[in-house]
Amino acid sequence: MRALIVSTICLTGLLAVSCSNRKDQASAPITSDVLVSSTESWDGERVSYPQGKAEMTLIRAVFPPGAKTPVHTHPQPGVVYVEKGWIKCTLSESGKRREFRRGEAFVASTGDTQHACENIGNEDAVVFVAWAGVEGVPLKQSVKAE
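Source: prediction; values computed, not measured. (Residues numbered from 1 in each chain as written. Predicted model: local features only at pLDDT ≥ 70, side-chain atom pairs only at ≥ 80, totals over all residues. Heavy atoms only, no water.)

Caption draft 1: Just the overall build of the protein chain, in detail. A tally of regular secondary structure across the protein chain gives one helix and nine strands. In sequence order, the protein chain lays out its α and β elements as α-β-β-β-β-β-β-β-β-β. Long-range pairs, those at least 24 residues apart, make up 80% of the contacts in the protein chain between residues at least 6 apart in sequence. Roughly 10,100 Å² of accessible area belongs to the protein chain as shown, and the carbon and sulfur atoms make up 54% of that amount. (Helix = DSSP H or I, 4+ residues; strand = E, 2+ residues; numbered from the N terminus. Contact = heavy atoms within 4.5 Å. Areas by Shrake-Rupley, 256 points an atom, 1.4 Å probe, with all protein chains shown as cover.)

This is the structure we're talking about:
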């Protein structure tokens, strides 16, 4: 009988500690930071939404050192977050360029703006891109060399 009472007391104590830990965890505040908010892309183009049925897409892209995208455009707005590494984006027409490092976020070039991005670091660059696109419309359109 004594063993049953001791076991009950121990179990009650464990439950109390377990419940109090859950309560402490549940009461911890959620924090958030705005990483990017803009009405323009990094190169100064005004953001606009294409017409059609909206489709949201999130992409994780890994650029090995030296990897470069082909020249392309995006018909829809998107935001980019550099999780790891160092990339450079360059506009084809003007040559304007900008570098982005780990922890930085930016609004991608949109519309007819031809550009390419490359990993200029010594490690893989990992980027997340969230697109506000249109169902059935490619997120990226390659530009043919003339």
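The structure having been displayed, the exposition proceeds.
Caption draft 2: Local environment of the packing of aromatic side chains. Applying the stated criterion across every chain, the model contains two aromatic pairs. Aromatic pair Trp42 and Phe100: ring centres 6.2 Å apart, planes at 80°, arrangement edge-to-face. Here Trp42 is found in the loop between α1 (2–27) and β1 (54–63), whereas its partner Phe100 is found in strand β5 (residues 97–101), with 58 residues between them in sequence. With 3.6 Å between their ring centres and 15° between their planes, Phe100 and Phe106 make a pair best called stacked. Clustering of aromatic rings is evident, with ring pairs tying together Trp42, Phe100 and Phe106. Just above the ring of Trp86 sits the side chain of Arg101; from NZ or CZ to the centre is 3.8 Å. (Phe/Tyr/Trp six-rings, centres within 6.5 Å; stacked < 30°, edge-to-face > 60°. Lys NZ or Arg CZ within 6 Å of the ring centre and 35° of its normal.)

Caption draft 3: Focus on the sheet that holds strand β4 (residues 86–91). On the basis of which strands lie adjacent, the open sheet formed by five strands has the order β5-β4-β7-β2-β9 and antiparallel pairing. Strand pairing shows two members of the sheet lacking a second neighbour, β5 and β9 (141–142), which therefore form its edges. (Pairing = 2+ DSSP bridges.)

Caption draft 4: How the structure looks around the layout of surface pockets. The calculated volume of the largest pocket comes to roughly 340 Å³. Taken together, 20 residues form the lining of the largest pocket, with Phe63, His72, His74, Val129 and Trp131 sitting closest to its centre. When grouped by side-chain class, the residues that make up the lining of the largest pocket number 14 nonpolar, five polar and one charged. Each pocket or cavity is described by its volume, and for the second largest pocket that value is around 180 Å³. (1 Å grid on protein atoms, 1.4 Å probe; cavity = no way out; pocket = protein on both sides within 12 Å on 5 of 7 lines; lining within 4 Å. Points joined across faces, edges and corners; volume = space filled by probe spheres on them. Nonpolar A, V, L, I, M, F, W, Y, C, P; charged D, E, K, R; others polar.)

Caption draft 5: Focus on the nonpolar core. Counting 16 residues, the largest nonpolar core has Ile87, Cys89, Phe100, Phe106 and Val127 as the members making the most contacts within it. Per-element tally for this core: the top contributor is strand β8 (residues 125–134), with four residues. Aside from chain neighbours lying at most four places away, what touches Val127 is Ile59, Arg60, Ala61, Phe63, Val80, Tyr81, Val82, Glu83 and Ile87. (Core = buried A, V, L, I, M, F, W, Y, C linked by side-chain atoms within 4.5 Å. Buried < 20%, exposed > 50% of the residue type's maximum accessible area, 1.4 Å probe, protein only.)

Caption draft 6: Up close: the pairing of β5. Pairing between β4 and β5: five bridges, direction antiparallel. Looking at β5, one finds that Thr90 is bridged to Arg97. Linking two consecutive strands that pair antiparallel, namely β4 and β5, is a turn of five residues; a positive phi of about 80° is found at Gly95 within it.

Caption draft 7: Summary view of the environment of Val137. Relative to the helices and strands, Val137 is located in the loop between β8 and β9. Taking the C-alpha atoms as reference points, Val137 and Pro75, 62 residues apart in sequence, are found 8.1 Å from one another.

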